[in-house]
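These are the residues of each chain, in order.
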Amino acid sequence: MHDRLKRDGDAPKVGIVHLGPGAFFRAFIAVCTDAAMTASGGDWGILAVSLKSPTARDQLGPQGGVFTAVELGPDGETPRTIGSVTDVLVAPEDPAAVVAAMADPTVKIVSLTVTEKGYCHNPATGKLNLDHPDIAHDLAAPDAPRSAPGMIVAALEARRAAGTPPFTVLSCDNLPSNGPLVRGMVLDFAHARDAALAAWIDDNVSFPATMVDRITPATTGEDLDRIETMIGFRDEGPVVHEPFIQWVIEDDFPQGRPDWAAGGAQFVNSVEAHETMKLRCLNGTHSTLAYLGYLAGHQTIADTVADAPFAALCQRLWRDEILPTVPQPEGEDLPAYCTALLERYRNPAIRHRTWQIAMDGSQKLPQRILGTIRDTLAEGRVPEGLCLAVAGWMRYVGGVDENGEEIDVRDPLAKELRAALDAADSPKDKVASLLGIEAVFGDDLPRDQRFRDAVTAAYRSLVANGSRATVEAYLA
Ligand code: CS2
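Here the structure is a predicted model, which is why all the values come from computation and not from measurement.

## Points about the sheet that holds strand E3 (residues 67-73)
Okay, step 1: Pairing is mixed in the open sheet, where three strands are placed in the order E4-E3-E9. Sheet topology places strand E4 (76-82) and strand E9 (239-241) at the edges, where each strand pairs with a single neighbour. Between one strand and the next, the sheet's axes are offset by a mean angle of 25°, whatever the strand orientation.
Okay, step 2: Sheet topology places E3 next to E9; three bridges connect them, and they run parallel. Within E9, the residue paired with Ala-69 across the bridge is Val-239.
Okay, step 3: The strands touched by helix H8 (residues 221-231) within the sheet are E3, E4 and E9, with E3 carrying the most contacts at an inclination of about 100°.

Pasting the structure below:
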């Protein structure tokens, strides 16, 4: 065993508090901020905050925040030592300390990678869910918040009281219009507490939207051992990621920002078209491959697209169903973007598990797949392939795979999904029952007979013939 990785020299001064210190944050914001400080300096150290578990603190704390980001390219692995993270706090252990850290005048940005469910919203409507247990808790105990909206509002309230200018709130999650979305959550929460505070936030706080893209599979025990041999130190918190990175950001940072362009970021006036492209082309097919690939017995995305019908499925979905609904983002060649996506999925060094991507489907489907389906139906066409993807999700959350083995279904709505499935017998009724979950499907899609019929037919075929044969039938 080698010595533990540790910081060499002083940590940078903190300018950013980041909520959600998982692998994606480390491979993305931490890497870009490190590049920005190396290129152009600035006090942009990142104090990372875990909203739930102590894992990230236990990994990075003893290393002074330093970790290794390993790029997995076709020609081998490139490790980089990343020093932008200064420390990790665990919010449930001391929520007041987190609010105080966010209220510190040196903090100019609060960024978030808390995943879809961390916004405590209704995925179908995009509104704050006031019945969410963490939101209900935070409204009753605003000084000891648990949720991201609760923490942001508590810290903004403290800054307003102290006469400190607000920080910029930067969502880096895969959600459409993530800036306006987090703004809505924060304002809804603030309104429920104090109208004057809400008005101050409305007038003074900036919430730039972003599009984020880098495939970052969960780090495995094997990765830890391989990286130890590679770097000659034991690192308990490394990340592995693909070479590709794309970060498109609305440039609206009244308190300043790091020189993220040095790490590859693009600054634009409007992110929306890029975000729609990425969510529908990448995440839409990722989720499709996750459900249908898992059911067909494939462990990773690379394994799934190595099976020819699944690669052909992606190409058909892009060409016939997804791209016709995607607006043209500035500077992008959409067909070339999709061709490059398939190459990224094929990268054999990236072992991105279908099970990992299948998680939290109730939170992901609306913006990845259902929006495309709505737009296509509105044009008078039925997107059969994406209806098959929805049926794949339904078959997956049923909890038993094609070999009769149990599936470990992880989803914040797992109980509702189970109850909906248990309340029905026939495939047709199971589909109808799941379509009744309004937080996922809204009230419009379940009423569309063309959509119901296509999902029901695909679901029946998945049950009777299996995933691979159903995909082949769609392609025929
Ligand atoms: C994936 C994404 O886990 C998932 O749901 O689809 O995390 C995907 O890898 C990233 O969005 C790529 O930028």
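## Observations concerning the site of the ligand
Okay, step 1: Around the ligand sit Asn-174, Asp-213, Arg-214, Ile-215, Lys-278, Asn-283, His-286, His-352, Ile-357, Lys-364 and Arg-368, and those are all the residues in its vicinity.
Okay, step 2: With respect to the ligand, the side chain of Lys-364 contributes an N or O atom lying 2.9 Å from an oxygen atom.
Okay, step 3: In isolation the ligand has 340 Å² of accessible area, and contact with the protein removes 89% of it.
Okay, step 4: For the shell around the ligand, the elements supplying multiple residues, two or more each, are helix H9 (272-295) and helix H14 (361-378).
Okay, step 5: With three residues, the single largest contributor to the shell around the ligand is H9.
Okay, step 6: Residue composition of the shell around the ligand, by class: two nonpolar, four polar and five charged.

## Description of helix H6 (residues 178-193)
Okay, step 1: End to end, H6 covers 23 Å across 16 residues, agreeing with the expected 22 Å (1.5 Å per residue, within 8%).
Okay, step 2: Residues Asn-178, Gly-179, Leu-181, Val-182, Met-185, Val-186, Leu-187, Phe-189 and Ala-190 constitute the buried set of H6.

## Brief notes about the packing of helix H11 (residues 308-322) against helix H12 (residues 334-346)
Okay, step 1: Running from N to C, H11 and H12 point in directions that differ by 155°, and their axes come no closer than 11 Å. The angle between H11 and H12 falls in the class roughly antiparallel. Crossing of H11 over H12 shows right-handed handedness. On H12, the residues that touch Ala-311, Cys-314, Gln-315 and Trp-318 of H11 are Cys-338, Leu-341, Leu-342, Tyr-345 and Arg-346.
Okay, step 2: Across the contact of H11 with H12, the residue classes break down as seven nonpolar, one polar and one charged.

## Examining helix H5 (residues 148-162)
In an α-helix, one turn spans 3.6 residues; hence positions three or four apart end up facing the same way.
Okay, step 1: If you check H5, its first and last C-alpha atoms are 21 Å apart, about what 15 residues at 1.5 Å a residue would give, namely 21 Å.
Okay, step 2: The residue sitting at the N-terminus of H5 and contributing the capping side-chain oxygen is Ser-147; that oxygen lies 2.9 Å from the backbone nitrogen of Gly-150.
Okay, step 3: Backbone geometry just downstream of H5 places Gly-163 in the positive-phi region, at approximately 75°.

## Side note on the sheet that holds strand E10 (residues 246-250)
Okay, step 1: One open sheet accounts for three strands, arranged E8-E10-E11; its pairing is mixed. Where the open sheet ends on each side, the last strands, each with one partner, are strand E8 (210-213) and strand E11 (266-268). Between one strand axis and the next, the sheet turns through 20° on average, direction left out of account.
Okay, step 2: Examined bridge by bridge, E10 and E11 share three bridges and lie parallel to one another. Looking at E11, one finds that Glu-250 is bridged to Val-268.

## Some details on the packing of helix H19 (residues 449-465) against helix H20 (residues 467-475)
When two helices pack together, their arrangement is given by the angle between their axes and by how far apart the axes lie.
Okay, step 1: Remark: H19 packs on H20, axes separated minimally by 7 Å, with the N-to-C direction vectors making an angle of 130°. Between H19 and H20, the angle falls in the class oblique. The element H19 and its partner H20 pack so that their crossing is right-handed. Contact residues: H19 offers Ala-458, Ser-461, Leu-462 and Asn-465, while H20 offers Ser-467, Ala-469 and Thr-470.

## Some remarks on the nonpolar core
Generally speaking, a soluble globular protein has its nonpolar side chains buried in company with each other.
Okay, step 1: Counting 74 residues, the largest nonpolar core has Cys-281, Trp-318, Tyr-345, Ile-373, Met-394, Phe-441 and Phe-451 as its most contacted members.
Okay, step 2: Sort the elements by how many residues they give to this core and helix H15 (residues 384-397) lands first, with ten residues.
Okay, step 3: Looking at which domains feed residues into this core, each of domain 1 (14-268) and domain 2 (272-475) gives three or more.
Okay, step 4: Those residues in contact with Phe-441, other than ones at most four positions away along the chain, are Leu-370, Arg-374, Val-390, Trp-393, Met-394, Leu-434, Leu-435, Pro-446 and Phe-451.

## Focus on the environment of Asp-10
Okay, step 1: Tracing the backbone shows Asp-10 in the segment before strand E1 (14-19).
Okay, step 2: Accessibility expressed as a relative area gives 76% for Asp-10, which makes it exposed.
Okay, step 3: Distance in space between the C-alpha atoms of Asp-10 and Gly-83 is 9.6 Å, their sequence separation being 73 residues.

## Re the domain arrangement of the chain
Okay, step 1: The domains assigned to the chain are domain 1 (14-268) and domain 2 (272-475).
Okay, step 2: Domain 1 and domain 2 are separated by 28 Å when their C-alpha centres are compared.
Okay, step 3: In this complex, domain 1 contributes 29 residues to the contact, which on the side of domain 2 involves 31 residues.
Okay, step 4: Here domain 1 packs against domain 2, burying approximately 2,200 Å² in sum over the two surfaces, 56% of which is carbon and sulfur.
Okay, step 5: Remark: the boundary between domain 1 and domain 2 carries four salt bridges.
Okay, step 6: Linking Arg-344 and Glu-242 is a salt bridge whose minimum nitrogen-to-oxygen distance equals 2.5 Å.
Okay, step 7: Summed over the shared surface of domain 1 and domain 2, the result is nine residue pairs in polar contact (both at pLDDT 80 or more).
Okay, step 8: Taken together, the elements giving at least two residues each to the side of domain 1 that touches domain 2 come down to E3, E8 and E10.
Okay, step 9: When the residues that make up the side of domain 1 that touches domain 2 are grouped by side-chain class, the tally is 13 nonpolar, ten polar and six charged.

What counts and how
- Residues numbered from 1 in each chain as written.
- Predicted model: local features only at pLDDT ≥ 70, side-chain atom pairs only at ≥ 80, totals over all residues.
- Heavy atoms only, no water.
- Pairing = 2+ DSSP bridges.
- Helix = DSSP H or I, 4+ residues; strand = E, 2+ residues; numbered from the N terminus.
- Axes fitted to C-alpha atoms, helices over the stretch in contact; angles between N-to-C directions.
- Contact = heavy atoms within 4.5 Å.
- Near = heavy atom within 4 Å.
- Polar contact = N/O pair within 3.5 Å; in protein donor to acceptor, adjacent residues only side chain to side chain.
- Areas by Shrake-Rupley, 256 points an atom, 1.4 Å probe, with all protein chains shown as cover.
- Nonpolar A, V, L, I, M, F, W, Y, C, P; charged D, E, K, R; others polar.
- Expected span 1.5 Å × (residues − 1).
- Buried < 20%, exposed > 50% of the residue type's maximum accessible area, 1.4 Å probe, protein only.
- Parallel < 35°, antiparallel > 145°, perpendicular 65-115°, else oblique.
- Left-handed = near helix turned anticlockwise from the far one by under 90°.
- Core = buried A, V, L, I, M, F, W, Y, C linked by side-chain atoms within 4.5 Å.
- Domains from an automatic or database assignment.
- Buried area = accessible area lost by both parts, 1.4 Å probe.
- Salt bridge = Lys/Arg side-chain N within 4 Å of Asp/Glu carboxyl O.

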